[in-house]
Amino acid sequence: MTIHDWHTGPYPARVRIAVAEKGLQPQVRFHSVDLLKGEHKQPGFLAINYSGTLPVLELADGSFIAECTAITEYLDHLDGQPTLTGTTAFEKGTIHMMSRRAELEVLDAISVYFHHATPGLGPTVELYQNAEWGLRQRDKALRGMRYFDSVLKTQSFVAGEVFSMADITLFGGLVFAEIVRVAVPPELSALHAWHARMLARPSVEGWKTM
Ligand code: GTS
């Protein structure tokens, strides 16, 4: 399998962590797509992912799967023993709900802030910017952090008592927040404690060096 990504990107981090959680590193080759040069917006890349985003998983038969959630589902089912996306109907539903919520309320919101209210990936890539929209999304992300702090006050992980894809998604949000210097408010102690537990996971420790 080949994963087309950018080694420090927050969304790529989600898939790199999933690869490590599943112990799939020996089966994966990484191919770097230069975001700063806008390679992800060139026709060659758009042919494999219409959305022009990273990461993209390329399979041996030449097919492609884009979107972190979809790639994580695929990887999680390779050995028939899903550990990241749940096994029962309730687990699967809850994990998808919380992962999507982490995208909507934190990760995607921070991403919009980055692309609209900061220089983002530079003038070659950022053809339209709306700073007010970006700042609103930063504030949305801060509200999202408060929500997840309240969730983590009553349970160990984002989707319950078991580590899952939803934790990886929220972690991606905090990776992006750190890059753009949106600090997690200090009083969100449950979110900080969860983040420290995430940083101690071998899959997370290793994602940058993969
Ligand atoms: N919904 C997509 C997913 O979940 O895969 C979003 C992917 C995404 O936004 N990826 C970023 C990207 O391609 C990569 S990174 O910023 O995390 O490194 N951004 C480039 C752009 O121009 O939007």
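Residues numbered from 1 in each chain as written. Predicted model: local features only at pLDDT ≥ 70, side-chain atom pairs only at ≥ 80, totals over all residues. Heavy atoms only, no water.

What follows covers the domain arrangement of the protein. Interfaces are frequently sized by the accessible area removed from exposure as the parts join. The domains assigned to the protein are domain 1 (2–84) and domain 2 (89–201). Taken over C-alpha atoms, the centre of domain 1 sits 20 Å from the centre of domain 2. Tallying the contact residues gives 17 residues for domain 1 and 21 residues for domain 2. Taken together, the links from domain 1 to domain 2 amount to three salt bridges. Close ionic contact of lysine 92 with glutamate 73 constitutes a salt bridge, the shortest N to O distance being 3.8 Å. Connecting domain 1 to domain 2 are seven residue pairs in polar contact (both at pLDDT 80 or more). For the side of domain 1 that touches domain 2, the elements supplying multiple residues, two or more each, are helix 1 (10–21) and helix 3 (68–77). It is helix 1 that contributes the most residues to the side of domain 1 that touches domain 2, six residues altogether. (Domains from an automatic or database assignment. Contact = heavy atoms within 4.5 Å. Salt bridge = Lys/Arg side-chain N within 4 Å of Asp/Glu carboxyl O. Polar contact = N/O pair within 3.5 Å; in protein donor to acceptor, adjacent residues only side chain to side chain. Helix = DSSP H or I, 4+ residues; strand = E, 2+ residues; numbered from the N terminus.)

Close to the ligand lie 15 residues, the nearest being Pro10, Tyr11, His40, Leu54 and Glu67. In this structure, histidine 40 approaches the ligand through a side-chain N or O atom, which is 2.9 Å from an oxygen atom. Alone, the ligand offers 540 Å² of accessible surface; in the complex the protein occludes 87% of this. When atoms are counted within 2 Å of each cavity's grid points, the one that captures over half of the ligand is the largest pocket. With four residues, the top contributor of residues to the shell around the ligand is helix 1. (Near = heavy atom within 4 Å. Areas by Shrake-Rupley, 256 points an atom, 1.4 Å probe, with all protein chains shown as cover. 1 Å grid on protein atoms, 1.4 Å probe; cavity = no way out; pocket = protein on both sides within 12 Å on 5 of 7 lines; lining within 4 Å. Sits in = over half its atoms within 2 Å of the grid points.)

One pass over the full model with this rule turns up four aromatic pairs. The interplanar angle of 90 degrees and the centroid separation of 6.4 Å between the aromatic rings of tyrosine 11 and phenylalanine 176 together place this pair among those described as edge-to-face. Pair noted here: tyrosine 11 is in helix 1 and phenylalanine 176 is in helix 6 (residues 165–179), with a separation of 165 residues, a long-range link. Here tyrosine 11 falls in the buried class, since its relative accessible area comes to 19%. Classification of phenylalanine 176 by relative accessible area gives buried; the value is 6%. Ring centres of phenylalanine 157 and phenylalanine 163 lie 6.2 Å apart, and the angle between their planes is 85 degrees; on these two criteria the pair is classed as edge-to-face. Owing to a relative accessible area of 16%, phenylalanine 157 belongs among the buried residues under this scheme. Of note, arginine 16 hangs over the ring of phenylalanine 30, and the distance from its end group to the ring centre comes to 4.0 Å. Positioned over the ring face of phenylalanine 163 is arginine 201, at 3.6 Å from the centre of the ring. (Phe/Tyr/Trp six-rings, centres within 6.5 Å; stacked < 30°, edge-to-face > 60°. Buried < 20%, exposed > 50% of the residue type's maximum accessible area, 1.4 Å probe, protein only. Lys NZ or Arg CZ within 6 Å of the ring centre and 35° of its normal.)

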